[in-house]
Amino acid sequence: DLLLSFAVIVSIVSCLGCYGAYVAEDKCSNDESNWWLYIYFVLVFICAVLQLVAAGTVLVLINDFKQISTETKEDLSSQLQDLEEEMIAYFVLPENQEKWEAIEEELECCGWNSTSTTDPLTDNKYCQEHATDPDLAECKTVFLEELSAKLRPAAAVALVVGILELLALISAFCLIRAKPSYVDK
């Protein structure tokens, strides 16, 4: 749903840009036709700023996590602890145990905090079958490794797309500024 809504927004913004460029190139059009380009410019500017801020924040947090203040770490840690407790309570329910076992199979891990039987999420078929595997890690460690491995490339892609959006902004701005010269001729 999120990806589909993002695609719809991108399509609408792209159509505004194309229509604005078409109207700007039309030598018979009046000055009101620039409004399409202004709308396009503002929407792309908002998207670019949000994207660049998000990508920059992720890149900074990945590289400088050790330098975050202890107070912030403690606050974040307590929030993550609450989230972990809610997640464990959800997956311990009998109707959700199959979902958790599928996660364990996908990540090739067992339990959340520990692979021992003290973790309530180790009481399933997958963990029992792999209990003697010395390389079996707890899912929390595997999940965090996967997340950190995928965040950096995602942030880099967001940064590149943000730069491309800035180039689109420059193009729209050039078309907006060039408009009066078309009308005069």
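All values reported here derive from a predicted model rather than from experimental measurement.

### Focus on the state of the cysteines
Phase 1 of the analysis: For the coordinates displayed, the defined rule picks out two disulfides.
Phase 2 of the analysis: Between the sulfur of Cys 109 and that of Cys 139 lies a disulfide, 2.0 Å long from S to S. Its S-S torsion of approximately 95 degrees makes the covalent link between Cys 109 and Cys 139 right-handed. Taken together, the positions of Cys 109 in the loop between helix H4 (97-107) and helix H5 (125-129) and Cys 139 in helix H6 (residues 139-184) put the pair 30 residues apart, joining distant regions of the chain. Exposure class is identical for Cys 109 and Cys 139. Each is buried.
Phase 3 of the analysis: Here Cys 110 connects covalently by a disulfide to Cys 127, the sulfurs 1.8 Å from one another. With the S-S dihedral at roughly 135 degrees, the linkage between Cys 110 and Cys 127 falls on the right-handed side. Of the two residues, Cys 110 sits in the loop between H4 and H5 while Cys 127 sits in helix H5, which places them 17 residues apart along the sequence.

### Focus: the nonpolar core
Phase 1 of the analysis: Among the nonpolar cores identified, the biggest contains eight residues, and these are Ile 88, Phe 91, Trp 100, Cys 109, Trp 112, Leu 121, Cys 139 and Val 142.
Phase 2 of the analysis: For this core, the secondary structure elements donating two or more residues are helix H3 (70-92) and H6.
Phase 3 of the analysis: Setting aside its immediate chain neighbours within four residues, Cys 109 contacts Glu 104, Tyr 126, Leu 136, Ala 137, Glu 138, Cys 139 and Val 142.
Phase 4 of the analysis: Listed in part, the seven residues of the second largest apolar core include Val 13, Tyr 40, Val 44 and Ala 172.

Cut-offs applied
Residues numbered from 1 in each chain as written. Predicted model: local features only at pLDDT ≥ 70, side-chain atom pairs only at ≥ 80, totals over all residues. Heavy atoms only, no water. Disulfide = S-S within 2.5 Å. Helix = DSSP H or I, 4+ residues; strand = E, 2+ residues; numbered from the N terminus. Buried < 20%, exposed > 50% of the residue type's maximum accessible area, 1.4 Å probe, protein only. Core = buried A, V, L, I, M, F, W, Y, C linked by side-chain atoms within 4.5 Å. Contact = heavy atoms within 4.5 Å.

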